[in-house]
Amino acid sequence: MTRRDGERVASRAEQALFGDDVPVVAPRDTAALAESLRDAVAQGVRIRPAGLGAHPAESDPVEAPRVVSVAAFDRIVAHSPDDFTVGVEAGVPLATLRAELARHGQEVPADLPATGTIGGWVARGAVSPRQGRHGPLASLVLGVEGVRTSGETFRSGGMVVKNVAGYALHKFLVGSRGTSAVLTRVNLRLRQLPETRTLGFLRGAATELDEATEKLATSGLEPVLFRLEGAAAATLPDERGPGSAVAFLFEGNRTRVAWQIEQAHSVLPNPGAVTRATDDDAAAWLDRLVAFGEPPENPRADVGVFRLSVPAAETLRAAHGAATAIEAREGLAHVAADPMTGLITIRQEDERRLDQSLAALRNVATRHRGFVRAISVPPAVHAGLGRVATAGHELRERVRRVFDPGSVLS
Amino acid sequence: MSLPDPFRELARRFPADRFLTDRTELFVYECDGLPVHRQPPAAVVLCETRDEVVACVKWCAANEVPFVPRGAGTGLSGGATPVRGCLLLDLNRMRAIRKIDARSRYAVVEPGLINVRLTEAAKPHGLMYAPDPSSQTACTLGGNIAENSGGPHCLKYGVTIDHVLGLEVVLPDGEVVRLGGPIADHPDHDLVQLFVGAEGTFGVVTEITLRLTPDPPEVRTFLAIFDSMAKACRTVTEITRSGIVPVALEILDRRTIEAVEASVNRAGYPTNAAAVLLVELDGFAAGMDEEERAIVEMARANEPIELRSARDPAERVALWKGRKGAFGAMGRVDTDLYVLDGVVPRTALEETLEKVYEIADRYRVKVSNVFHAGDGNLHPNISYDGRDADVTARVLAAGEEMLRACVAAGGSISGEHGIGLEKRDFMPLLFGEGDLALMTGIRDAIDPEGIANPGKGFPDRRAKRRKVRA
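The following paragraphs examine the structure supplied in this document. Each chain carries its own residue numbering, running from 1 in the written order of its sequence. Here chains are named by letter from A upward and ligands by number from 1 upward, in the order in which they appear as written. Totals for whole chains, interfaces and linings use all residues, but because this is a predicted model, local features are given only for residues with pLDDT of at least 70 and pairs of side-chain atoms are given and counted only at 80 or more.

Brief notes about the overall build of chain A
Argument step 1. By definition, any uninterrupted DSSP run of H or I lasting at least four residues is a helix, any uninterrupted run of E lasting at least two residues is a strand, and each is numbered from the N terminus. In terms of helices and strands, chain A carries 14 helices and 18 strands.
Argument step 2. With C-beta atoms placed from the backbone, the exposure class of a residue follows from how many other C-beta atoms lie within 10 Å of its own: 20 or more, buried; 12 or fewer, exposed; in between, partly exposed. Going through the 410 residues of chain A one by one, you find that 57% of them count as buried.
Argument step 3. Here the contacts in chain A between residues at least 6 apart in sequence split such that 70% fall between residues at least 24 apart. Each residue is represented by a C-beta atom placed from its backbone, and any two residues with such atoms within 7 Å are regarded as in contact.

Here is the structure:
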C-alpha cells in the first residue's frame, strides 16, 4: 500500500494500537479520506474507521484488514459559547473537548470517557450515567458530516438547536459503529456546567438497598441513581471497595440540590446511614462509573463488559437476574444498574465463561422485554459470539447499503 | 364521482361511511393547514385498525396507487396534502391509549390520538407528554411524528424526536415492522430516529411508544414588555448566555400585539409595546426564586415598559392569553395567513428579524412575528388576500427570501413544521446534491415504488416518472 498526497504516516503508537500487521491509512483531510475509501472499494478491501483506537472491541468488524484513522481530524471548529453549541471534528479527543468546554463553564451534558474521540463516542452510541437527566446521546447531536464509501461527502442536521429539514441521518448514525460511513464532524448541544453536585450513598443488605433505590426512583426527584453490586461499588469515594450500595447524585443550582438531598433523606428508610460527598468527589465518582462501563484499556484482557437495557420498572429484577445467571455459571458479576433508564452495565472478569454469560444475558433480556449487547469481550470470545438479528434488521441493512453499497465498512 | 375499477374493489372491503368518494366529502381533505396547495384525493379510507391500514397499503402497492397518511390535517407545510389520484388514509379513528407505564414513564398510543389527550391521561400519574404544538388540542400524535413537531415548551424538553421510543410502522409494501420500544438502548443504527420527521414517506405509523415526563410541581410565568424588538432579543440572548434554561421563551412583535389587542383575546398590552417577551420556568420550587430574579434583572437591564408575573394558574392563563390567541387574532388582519418556520442561532435573532422586516417592506407584504425565541425558531406570519394572484406571488417570494436569510445566518428552513410541499424546493439552500441524493436514496430503498406520500420533503424529480392513476 503506497501513501498518497494528504495522507500522513500513522504514528508508532497508532500502529501499535491496531497491531503491526494491520495497515493504517491516516488521511489528513476529507479529500484524502474520500480517496482512501474509494481505494478500498476498488480493491475490495474491508476497512474499519478508527479514532484513537480506544474501543476496538466495539468496532465491527474486528477482523477488517485495513484501518482508516480520522485522528488527524482534530480541530474544534465552531464553538459558540453564547449559543451553547459546538462543532467538532471527529478525531478530537474527548478529554480535549471536555477541557475546552470547561474553560467556558460548559459541558456536553453526558459523561465523556477519558479515552477515545468524539467520532468514536458517537459511532458507539455511548450511554452516560446522567442519561436519565439529560437524555440520550442522539438528543445532543445537532448534525454530522461524513464521507461515504463512494468518496462522496454528506451532511445532516446543522448547528441550530431545532431543525427538522431532511431525514435525521445525524441521529440515525448514532450507534452505527462506523458501519455506514466515516464521520468527519459532529455538532453538539451544550449545557452550563452545574453549579454544584452532591453525591449520597448507602451500603448495606441487598433487599434494603433495593427498597431505597425504588423509593428514590419514584420520589419525583431528579437523581442520577445507581444500584451498585460488586466492583461497581468500588467506584464510590469511601474506599471500602466492592460490595452492595445505592448511590444518588443531584446537580444544578445550590438551593435546588440542597433541597433534593433533604427530600431524598426524607424518603429513605435509613437516612442516617447516608454518606455524602460533594463536587470534586461526586464528579470523580461519575468518571469512575463511566470507566466501569468502558472496555478495558487492554482489549485482550480477560474482561467482558455487557450492557442490558430493559424498561425502567424492570431494572432491579433484571439486574438480579443477570447476576444470578452469571454466578450460576461460576462467573462473578459486577453490576451498575440505573433504575431511571433501565440501563444495566455488567462487568465480568473471567474469560472462560464470557460466551455462556452472553447467552444467559440474552435470556434475561428476553424475559424482561429488553436487549443486551457485548460492549467489550476479548477477540477470541468475540469471534464465537455471533449476532442476533433484531427487529428491523433487514430494513436497517437496506438503509445501510445506501451509504455503503459494497459493504466495505460492515 | 366515478371511481377507477381497482378503487371499487377496495371500497367493497369497507362500510360505505368509512370509504369516502363523494366530491363534497373529499373537499375537506384537499389541503392541510397550508392552503396554498390543494388537491382532492381519489378516495379516503377512515381506518380503524392496523390491519385495515395494512390492507390499504398492500392494495396501493399492488395497484401502484400513491397513498397519503393524514391525522388532523393541522400541519403547516403541506405534508398531508393529497397527491393526484391518491388514496388518503385518515387515521383519526385510531386514537386508543393502549398503555401508560408510570414507573417506566412511557405510553403506548395509536397515531390518531390528539396530542393533549395524552397529557390529560398521564396527569393523574404525575406525568405529561412534553411536546406541545400550538395546535395540541387538535393535532394528532401520528402527525407530530410525521413532522417532528415542536411547541412553545420544547425549549427545555426537546421536540417530538426526543420523546419517541418506539414505532410500529406499515412499510410501503404492507410489511409491519416494530422499531425500538420502551428501553434506552438500541442495537444498531436507530431507525426510530430516521422515521420521525420522515413525513410519511417511509410508510404509516400505527403504534407509538412515547416517553412521558414528570409534571413539574412549580411553574412561574412572567412577561417583559418592551418598546423595541431589539431590547426583547437582547434579553433572550442574555438569558441563553446565562445557562438558565426556561421551559418557554416566546416573543410577540408589534403587529401581533396590535392584532391581539383588537381581538377577543385582548391581553391589555400597553399601546407603545413593540415586543412582548413571555418567560416560563418550571420544575422544583427550590432554586426557582434565584433563577426568576436573575431573569427579571436581565429584563430590567434592557428597560422594559412593564413587567408582569403570574403566581397561580389563573394568572398564568392570563399571561399566555395573548400568545395563545395570536394566530387566531391574525384572522382579523386579512383573509389568508402564510405561517413561515425558520431557525437561526439564538445569537442571530435580532439581525435576522431586521432582515425579515426589511424583506416584508420590500415586497409590500404584512408580516407579523410570533416565535419561539429561546431556540431561535422564527415564525414570520404573512397576512394576505389569497384571491389576489399578484399579492400571493409576492407573499411566496418574500417567504422564500426570509428563509434564505435564516440559512444565511447559519440556520435552517424548518424548526418544527416540516418541509412537506411548502419548502421542498428550498432544500438545496441547506443541502448539496450529494446530501439530497443520499436522503432520496434512502427513501427509494424503503419505498422503491414511490407510493408513500410521494413528492414531499424533497425536490421531486421522481414525480414525473411515477405512474399516477386519475
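Regarding the overall build of chain B
Argument step 1. Scanning chain B from N- to C-terminus turns up 16 helices and 20 strands.
Argument step 2. Only the C-alpha atoms count toward the radius of gyration. The rule for a globule is 2.2 Å times the residue count to the power 0.38. Its C-alpha atoms give chain B a radius of gyration of 23 Å, within 12% of the compact-globule value 23 Å for 470 residues.
Argument step 3. Over its C-alpha atoms, taken along the principal directions, chain B stretches across nearly 70 × 55 × 45 Å.
Argument step 4. When the 470 residues of chain B are sorted by exposure, 56% land in the buried category.
Argument step 5. For chain B, restricting intrachain contacts to residue pairs at least 6 apart in sequence, the fraction spanning at least 24 positions comes to 72%.

Section: the interface of chain A and chain B
Argument step 1. Residue-level contacts link 60 residues of chain A with 67 residues of chain B.
Argument step 2. When contributions to the side of chain A that touches chain B are tallied by element, the ones reaching two or more residues are α6 (137-140), β8 (153-157), α7 (169-172), α9 (254-267), β15 (304-309), β18 (371-376) and α14 (393-403) of chain A.
Argument step 3. Here the side of chain A that touches chain B takes 6 residues from α14(A), the largest share from any one element.
Argument step 4. Under the scheme applied, nonpolar residues are Ala, Val, Leu, Ile, Met, Phe, Trp, Tyr, Cys and Pro; charged residues are Asp, Glu, Lys and Arg; polar residues are all the others, including Gly. When its residues are assigned to classes, the side of chain A that touches chain B shows 26 nonpolar, 22 polar and 12 charged.

Focus on the environment of Asp435(B)
Argument step 1. Turning to its location among the elements, Asp435(B) is positioned in helix α16 (residues 433-446).
Argument step 2. Once residues lying within four places of it in the same chain are set aside, the contact partners of Asp435(B) are Phe154(A) and Arg155(A).

Concerning the sheet that holds strand β11 (residues 196-203) of chain A
Residue and element names in this part refer to chain A.
Argument step 1. If you trace the 8 strands from one edge of the open sheet to the other, you get β14-β11-β13-β12-β16-β17-β15-β18, paired in antiparallel fashion. Only two strands of the sheet have a single neighbouring strand rather than two, namely β14 (275-278) and β18. Direction aside, neighbouring strands of the sheet carry axes that sit 20 degrees apart on average.
Argument step 2. In this scheme, strands are said to pair when DSSP sees at least two bridges between them. Of the pairings in the sheet, the one linking β15 to strand β17 (residues 343-348) comprises 6 bridges and is antiparallel in character. Bridge assignment links Ser309 to a residue of β17, and that residue is Leu343.
Argument step 3. The axes used here are C-alpha line fits, helices contributing only the stretch in contact, and every angle between their N-to-C directions lies in the interval 0 to 180 degrees. Across the sheet, helix α8 (residues 206-217) is in contact with β11, β12 (224-230) and β13 (243-252); its angle to β13 comes to roughly 20 degrees.
Argument step 4. Helix-sheet contacts for helix α10 (residues 279-293) involve β11, β12, β13, β14, β15, β16 (333-338) and β17, and the interaxial angle to β11 is about 65 degrees.

Structural notes on the nonpolar core
Argument step 1. What makes a nonpolar core is a set of buried Ala, Val, Leu, Ile, Met, Phe, Trp, Tyr and Cys residues, with links drawn between C-beta atoms within 7 Å. Residues Leu308(A), Ala322(A), Leu361(A), Phe67(B), Leu87(B), Val276(B) and Leu277(B) are the most contacted members of the largest nonpolar core, which totals 263 residues.
Argument step 2. In this structure, Val276(B) is in contact with Leu223(B), Ile225(B), Ile251(B), Leu252(B), Ile257(B), Tyr269(B) and Gly322(B), ignoring residues within four places of it in sequence.

Topic: the sheet that holds strand β7 (residues 141-147) of chain A
Residues and elements named next belong to chain A.
Argument step 1. Taken in spatial order, the 4 strands of this open sheet run β5-β9-β7-β8, and their pairing is antiparallel. Looking along the sheet, the strands with just one partner apiece sit at the ends: β5 (85-89) and β8. Here the strands of the sheet are splayed against their neighbours by 10 degrees on average, with no regard to which way each runs.
Argument step 2. Relative to strand β9 (residues 182-189), β7 runs antiparallel, the two being bridged by 6 bridges. Bridge pairing in β9 links Val141 to Leu188.

Considering the environment of Ala138(A)
Argument step 1. Of note, Ala138(A) is situated in helix α6.
Argument step 2. According to the C-beta neighbour criterion, Ala138(A) is buried, with 21 such atoms within 10 Å.

Points about helix α8 (residues 229-242) of chain B
Residues spaced three or four apart along an α-helix point in a common direction, a consequence of the helix completing one turn every 3.6 residues.
All names here are of chain B.
Argument step 1. For α8, built from 14 residues, the straight-helix expectation of 20 Å at 1.5 Å per residue is met to within 8% by its first-to-last C-alpha distance of 20 Å.
Argument step 2. For α8, every residue scored as buried is listed here: Met229, Lys231, Ala232, Cys233, Thr235, Val236, Ile239 and Thr240.
Argument step 3. Buried residues belonging to α8 abut β12 (218-226), β13 (248-253), β14 (275-283), α10 (288-301) and α13 (349-363).
Argument step 4. Once α8 ends, the next one or two residues include Gly243, with phi positive near 90 degrees. Helix span is expected to be 1.5 Å times the residue number reduced by one.

Points about unusual backbone geometry
All names here are of chain B.
Argument step 1. Positive phi, close to 55 degrees, is recorded for Arg105, a residue that is not glycine.
Argument step 2. Mapped onto the secondary structure, Arg105 falls in the loop between β5 (97-101) and β6 (106-109).
Argument step 3. Arg105 sits in the buried class, given 24 other C-beta atoms within 10 Å.
Argument step 4. Look at Glu199: it is not a glycine, yet its phi comes out positive at around 60 degrees.
Argument step 5. Structurally, the position occupied by Glu199 is in the loop between α7 (191-195) and β10 (204-211).

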